[in-house]
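# Inside the fold
One letter stands for each residue in the lines below.
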Amino acid sequence: MIAFGPVPSRRLGRSLGINNIPPKVCTYSCVYCQLGRTIKMQIERDTFYKPRDIFSDVQDKVEKAERGGEAIDYLTFVPDGEPTLDANLAQEIDLLKPLGIKVAIITNSSLIWRDDVRDALLKADWVSLKVDSVIDKIWRRVDRPHGTLDLEAILDGALEFAQAFEGELTTETMLVAGVNDGVENLQAVGDFLFELSPDTAYLSIPTRPPAEKWVKSPKEEVINRAYQIVSQRMVADRKHPPVEYLIGYEGNAFAFTGDIEDDLLSITSVHPMREDAVEEFLARARSKDQENATWTTVRRLVEQDRLVETEYGDHRFYLRRLKEPHRS
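Note that the structure is predicted; figures quoted are calculated from it, not measured.

### What to know about the pairing of strand β8 (residues 168-174)
Of all 7 residues in β8, 6 are buried, a share of seventy percent or more. In this sheet, strand β9 (residues 200-204) lies alongside β8 in parallel orientation, the contact comprising 5 bridges. Following the sheet pairing, Thr173 is matched in β9 by Leu203. Once you follow β8 into helix α6 (residues 183-196) and on to β9, the crossover reads as right-handed.

### Considering the packing of aromatic side chains
This structure, assessed with the given rule, holds 5 aromatic pairs. Measuring from centroid to centroid gives 6.2 Å for Tyr28 and Trp139, while their planes differ by 75 degrees, and the two rings are edge-to-face. Of this pair, Tyr28 sits in the loop between β3 (25-26) and β4 (40-41) while Trp139 sits in helix α4 (residues 136-143), and the two are 111 residues apart along the sequence. Residue Tyr28 shares its accessibility class with Trp139, and that shared class is buried. When the ring of Trp295 is compared with that of Tyr318, the centres are 5.6 Å apart and the planes differ by 50 degrees; the resulting orientation is tilted. A residue pair is termed long-range when its members are at least 10 positions apart, and Trp295 in helix α10 (residues 295-303) and Tyr318 in strand β13 (residues 315-320) qualify at 23 residues. For Trp295, a relative accessible area of 19% corresponds to the buried category. Taking the ring centre of Tyr202 as reference, the NZ or CZ of Arg11 above it sits at 5.8 Å.

### Observations regarding unusual backbone geometry
Residue Pro6 is reached from Gly5 by a cis peptide bond, and omega for that bond is 10 degrees. Note on placement: Pro6 falls in strand β1 (residues 3-9). Unusually for a residue other than glycine, Arg144 sits at a positive phi of about 45 degrees. One can find Arg144 in the loop between α4 and α5 (151-164). The class for Arg144 is partly exposed, based on a relative accessible area of 26%.

### Here's the deal with α4
Here α4 has its buried residues at Ile138, Trp139, Val142 and Asp143. The buried side chains of α4 occupy one side of the element, clustering within an arc of 100 degrees when seen end-on. In the core, the buried residues of α4 are packed alongside β7 (126-130), α5 and α6. Positive phi appears at Arg144, one or two residues downstream of α4, with a value of about 45 degrees.

### A few points about the packing of helix α1 (residues 51-67) against helix α2 (residues 89-96)
With their axes 9 Å apart at the nearest point, α1 and α2 run at an angle of 35 degrees to one another. α2 is crossed by α1, and the crossing has right-handed handedness. The segment α1 lies against α2, with Pro51, Arg52, Ile54, Phe55 and Val58 engaging Gln91, Glu92, Leu95 and Leu96. Here the contact of α1 with α2 is composed, by residue class, of 6 nonpolar, 1 polar and 2 charged.

About the thresholds
Residues numbered from 1 in each chain as written. Predicted model: local features only at pLDDT ≥ 70, side-chain atom pairs only at ≥ 80, totals over all residues. Heavy atoms only, no water. Buried < 20%, exposed > 50% of the residue type's maximum accessible area, 1.4 Å probe, protein only. Helix = DSSP H or I, 4+ residues; strand = E, 2+ residues; numbered from the N terminus. Pairing = 2+ DSSP bridges. Right-handed = clockwise from strand over helix to strand, strands pointing away. Phe/Tyr/Trp six-rings, centres within 6.5 Å; stacked < 30°, edge-to-face > 60°. Lys NZ or Arg CZ within 6 Å of the ring centre and 35° of its normal. Arc of directions from axis to C-beta. Contact = heavy atoms within 4.5 Å. Axes fitted to C-alpha atoms, helices over the stretch in contact; angles between N-to-C directions. Left-handed = near helix turned anticlockwise from the far one by under 90°. Nonpolar A, V, L, I, M, F, W, Y, C, P; charged D, E, K, R; others polar.

Now the structure itself:
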């Protein structure tokens, strides 16, 4: 399943996700990743799906959402791996543009040193760049990059992209307790973000089950300290520092487009759902006369090992079981 949702997004409103990378092919294996450890590490761009197949699947989801009265604010490339590994990303954006919905891309920034990747990202309306650290030893510990990647080249590529990009540019810094939430790292991140000058710099914490069980969110006082440090570093002549928390739960307004199992599996493949979100999703489906919209369906998917039930913090989550990557 390539397209999923629409799902609630803390930054994008109602987002229809585009899963253009098989699970889990990535340039990083971040310790906090909600999808678990990376199955296949690579930095070479490749073709994973035919661009026309991606367009057709997205178009179908858009039409189903419209028939169901579901709003879509963005078409978002937020796959099971790093979206810029897709060699056809630029072509896919061009195909999607006539749908009349803004295109967003959430990237870990690892390939932004490449001209062709920057050219593809320039076609988007909204881009989020990961900036977890600008200090090499910390970057390697939190993001666990492919061994051939060079942080300095990535940072230079991000700055070059920011100067040319005419859409909305945001950054995300995921804070992991004891790893990249120290004063030195935050000051360095703030200095870089001041130079990058994004429209908004988000500070986030793990809110879903991470790849490594030892990963924890910083305490409230540390999160507040992080906000103050980055804000102070970015303020300069700006009246309002563009720094915001991204630490709240995004809500339960998941969409139903017609097939209970298909929707649950497609959403949870890249967006684990909290138990109360699943309950509200089932209730909306039942209101549309879907008789199998019950916990029996959810439990069957768990018993079939297609859906995984797990706990993190004070909540129970459901996410799709990842399989070995395949080529299409």
